[in-house]
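Listed below, chain by chain, are the residues.
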2 protein chains.
Amino acid sequence: MDYCIGVDIGGTNIKAGITDTLGNIVFKDSVPTAVDKSSRGIIADCADLIGTLIIESGLDRNLIKSIGVGCPGTCDAEKGTVIYTPNINLSGVNIRSELGNYFDIPIYLGNDANCAALGEYFALEEKTSNMVFITLGTGIGGGIILGGKLYIGTNGTAAEIGHMVINPHGLKCGCGANGCWEQYASVTALIRMTKEFAERNPQSAIANEIKINGVGGRTAFELMKTGDKGAKEIVDEWIFNVGTGVLNIINILQPEVIVIGGAISKEGETLINPIKEMQKKSVYSQVEKKTTLLTAKLGNDAGLIGSAMLWKESLQ
Amino acid sequence: MDYCIGVDIGGTNIKAGITDTLGNIVFKDSVPTAVDKSSRGIIADCADLIGTLIIESGLDRNLIKSIGVGCPGTCDAEKGTVIYTPNINLSGVNIRSELGNYFDIPIYLGNDANCAALGEYFALEEKTSNMVFITLGTGIGGGIILGGKLYIGTNGTAAEIGHMVINPHGLKCGCGANGCWEQYASVTALIRMTKEFAERNPQSAIANEIKINGVGGRTAFELMKTGDKGAKEIVDEWIFNVGTGVLNIINILQPEVIVIGGAISKEGETLINPIKEMQKKSVYSQVEKKTTLLTAKLGNDAGLIGSAMLWKESLQ
């Protein structure tokens, strides 16, 4: 049996895993990302992690057929080069040749959100050729799969769906524009909305909850489930914001499937059903066949698994 | 030499033309669309128009190798069936078999905006594989070409870019949603904005111009060119609205080229340069290779030419 390795480089941790050729993880581990190290140092950390993984797994090294690396920012998948990544010293680095100094097997590179999309794509129960993956987290990232392949646009930077503007005179975004989707529908936005509600309503259950337990992405969801109206108001508005962007993607791309990921997607039907209701009313299409909305299955492992599957995508 | 026929069915006129295999029109004609006729009647009108065209052109009938039909609404290109079209009695009609009763040559069908996109695509001076076409008119339509082929999504209704929401609590759209792009960036929107400005400023040059000559999509553009500040304010705001949607498309798809069409696109650099400025500031991409923004070349003939080129697209 053959195995693959996936490496998911993040701002906090470098995660790596060995998977079978279907993307099932057989072994995984992680190390903190040394953001103060040079590129050589970070590559050496990746190589160490991979080497340790192989040893700990007890697998024969020759059974490992590929390494896939997911990295935030803009990547040139063809050349294997990170063009630009914020926060980590890897901009301009050719991952394929640098990591190739340690391992003599094919090495693939992709953007981290694209890799997560690929992971969820290969994990779909019903196979499809067109899928959009949306990850709701600190910001909003995404990946587009068309015809069974990652669609990265003419310059490798497509699917920056979090920077779709849904309110041109709205909140300033770190990207320079106003009113980007992620300012309204990321988990960061949900937390901001929860705090703002508490400030406006200092006697509310939400304000009380924040005083005791602090605030997180799930604070409003949890209180809503106890019947709290204020919490429901926050969640309704936030899901409406999420749905606005989802419908935009449907109207533009009409993919067969949209998968919503990020930790908050564990809310499942609580999150997805209201968006399905919006879809019934608002999508500009007179056809019966609608985009299927799903929540993600792989959780935090999506990026790692998708990175490991980059060899497979390259065959499509 | 071989020739093709393109038929562009619109709410007002049915236009048809004979082109060479490169899409150059050699002969064209049109008849009013009989919106009160049955589907058989409309198909007969199309067949008459095509027959007359061939006779008037003096071309040998055997040199005509294909007929392409562009129709508003949702089309099943594979089957040749119009699934749904508003205003014209063609919903549910198989154009290929109905028109095939008159002409024994291959017959192709496509959505009208997609056909216009295809016309502009084959007319590009520098060939590309990824292009998005945006037509600014009564509403906003579009077409997406990826890998040299029309991208129509999983159900044939992709590229409804005019119904991308850019203001979720904004103006009601005919589609049922609030704040669709076409409510802010169509020519209809420009005319509304011009009228509203005149109402707010009854002593303005704009108000005076409307009193004398009425209002059209170019009223504000023309007055702006004489140095009128109020007109510039209207145009600036409208172009900003257009640019907002254009940047969204870039952030999602990063196509190599975006072509902006519709009669208003004759404004050329006056329209496109401010959007290029927005692109420099706001697109979320750290790469040098940016989407090229162009205005359309084919004007009202884009749909007709693109319909005639449907056979060519089917070969890609």
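These numbers were taken from a predicted model, which means no experiment stands behind them.

Considerations on the overall build of chain A
In terms of regular secondary structure, chain A is built from 11 helices and 12 strands. Overall, chain A is about 60 × 50 × 35 Å in size when its C-alpha atoms are taken along their principal axes. Expressed as a percentage of its 316 residues, the buried residues of chain A come to 57%. For chain A, long-range pairs separated by at least 24 residues make up 61% of all intrachain contacts whose partners lie at least 6 apart in sequence. Here chain A carries 27 positive and 34 negative side-chain charges, and the mean point of each set is 4 Å from the other.

Points about the interface of chain B and chain A
Of the residues lining the interface, 40 residues belong to chain B; the matching set on chain A comes to 40 residues. Counting each side, the surface lost to burial between chain B and chain A is near 3,800 Å², with a carbon and sulfur contribution of 61%. Elements that contribute at least two residues to the side of chain B that touches chain A include exactly strand S6 (81-84), strand S9 (140-146), helix H8 (229-253) and helix H9 (269-282) of chain B. Residues of the side of chain B that touches chain A, tallied by class, amount to 20 nonpolar, 16 polar and four charged.

Observations regarding unusual backbone geometry
Residues and elements named next belong to chain B. A positive phi angle, near 75 degrees, is found at Asn87, a position not held by glycine. Following the sequence through the fold, Asn87 ends up in the loop between S6 and helix H2 (95-100). Here the phi dihedral of Ala159 falls at roughly 70 degrees; this positive angle occurs in a residue that is not glycine. Note on placement: Ala159 falls in the loop between strand S10 (149-151) and helix H4 (182-185).

Observations regarding the relation of the copies chain B and chain A
Superposing chain B onto chain A takes a rotation of 180 degrees combined with a translation of 0.0 Å along the rotation axis, leaving an RMSD of 0.0 Å. The operation mapping one copy onto its partner corresponds to a two-fold rotation axis. Residues of chain B ranked by C-alpha distance from the rotation axis are headed by Ile166 of chain B, positioned 2.1 Å from it. A shared interface surface links the copies, since 100% of the contact residues of chain B are contact residues in chain A too.

A look at helix H1 (residues 39-57) of chain B
Residues and elements named next belong to chain B. Between its first and last C-alpha atoms H1 spans 27 Å; for 19 residues at 1.5 Å apiece the expected length is 27 Å, and the two agree. By the burial criterion, the buried members of H1 are Gly41, Ile42, Ile43, Asp45, Cys46, Ala47, Leu49, Ile50, Gly51, Leu53 and Ile54. Check the buried side of H1 and you find it contacts strand S1 (3-9), strand S2 (13-20), strand S3 (25-32), strand S4 (64-71) and H2. Following H1 by one or two positions, Gly58 adopts a phi angle in the positive range, close to 75 degrees.

Side note on the side chain of Thr85 of chain B
Residue and element names in this part refer to chain B. With respect to the helices and strands, Thr85 occurs in the loop between S6 and H2. Exposure remark for Thr85: the relative accessible area of 3% places this residue in the buried category. In this structure the side chain of Thr85 is engaged in a polar contact, spanning 2.8 Å, whose partner is the backbone oxygen of Pro72. Setting aside anything within four residues of it in sequence, one finds Thr85 in contact with Cys71, Pro72, Gly73, Leu90 and Ser91.

What to know about the sheet that holds strand S2 (residues 13-20) of chain A
Residue and element names in this part refer to chain A. Strand order in this open sheet of five strands is S3-S2-S1-S4-S7, and the pairing throughout is mixed. Edge positions in the sheet fall to strand S3 (25-32) and strand S7 (107-111), since each of these pairs with one other strand and no more. Direction aside, the axes of adjacent strands within the sheet are offset by 15 degrees on average. Note: strand S1 (residues 3-9) against strand S4 (residues 64-71), six bridges, orientation parallel. Residue pairing across strands places Tyr3 opposite Ile64, the latter belonging to S4. Strand contacts of helix H1 (residues 39-57): S1, S2, S3 and S4, with the helix running at about 40 degrees to S2, the strand carrying the most contacts. Relative to S7, helix H3 (residues 112-122) is tilted by about 105 degrees, and along the sheet it contacts S1, S4 and S7.

Quick notes on the rules
Residue indices follow the written sequence of each chain, beginning from 1 at its first position. Whichever chain is written first is A, and whichever ligand is written first is 1; the rest continue in order. This being a predicted model, a pLDDT of at least 70 is required before a residue's local features are given, and a value of 80 or more before pairs of side-chain atoms are given or counted; all residues contribute to the totals for chains, interfaces and linings. Processing note: side-chain calculations cover all non-hydrogen atoms of the structure and skip hydrogens and water entirely. Each helix corresponds to a stretch of at least 4 residues labelled H or I by DSSP, and each strand to a stretch of at least 2 residues labelled E; elements are numbered beginning at the N terminus. Note on exposure labels: buried denotes an accessible area under 20% of the residue type's maximum, exposed denotes more than 50%, and partly exposed covers the range between, all computed with a 1.4 Å probe on protein chains only. In what follows, a contact means two residues having at least one pair of non-hydrogen atoms within 4.5 Å. In this charge count, Lys and Arg are treated as positive and Asp and Glu as negative; neither His nor the chain ends contribute. Here the site of a charge means atom NZ of a Lys, CZ of an Arg, CG of an Asp or CD of a Glu. Simply put, the buried area is the total loss of 1.4 Å probe accessible area from both parts when two parts are fitted together. All residues other than Ala, Val, Leu, Ile, Met, Phe, Trp, Tyr, Cys, Pro, Asp, Glu, Lys and Arg, Gly among them, are scored as polar; the first ten of these are nonpolar and the last four charged. Least-squares superposition aligns the copies on the C-alpha atoms of those residues with pLDDT at or above 70 in both. Here the expected span of a helix is defined as 1.5 Å times the quantity of residues minus one. Polar contact criterion, stated in full: a pair of N or O atoms within 3.5 Å, where within protein one must be able to donate a hydrogen and the other to accept it, and residues adjacent in sequence count only if both atoms are side-chain atoms. At least two bridges found by DSSP between two strands is the condition for calling them paired. The axes used here are C-alpha line fits, helices contributing only the stretch in contact, and every angle between their N-to-C directions lies in the interval 0 to 180 degrees.

On their own, these measurements won't tell you what the molecule is for.
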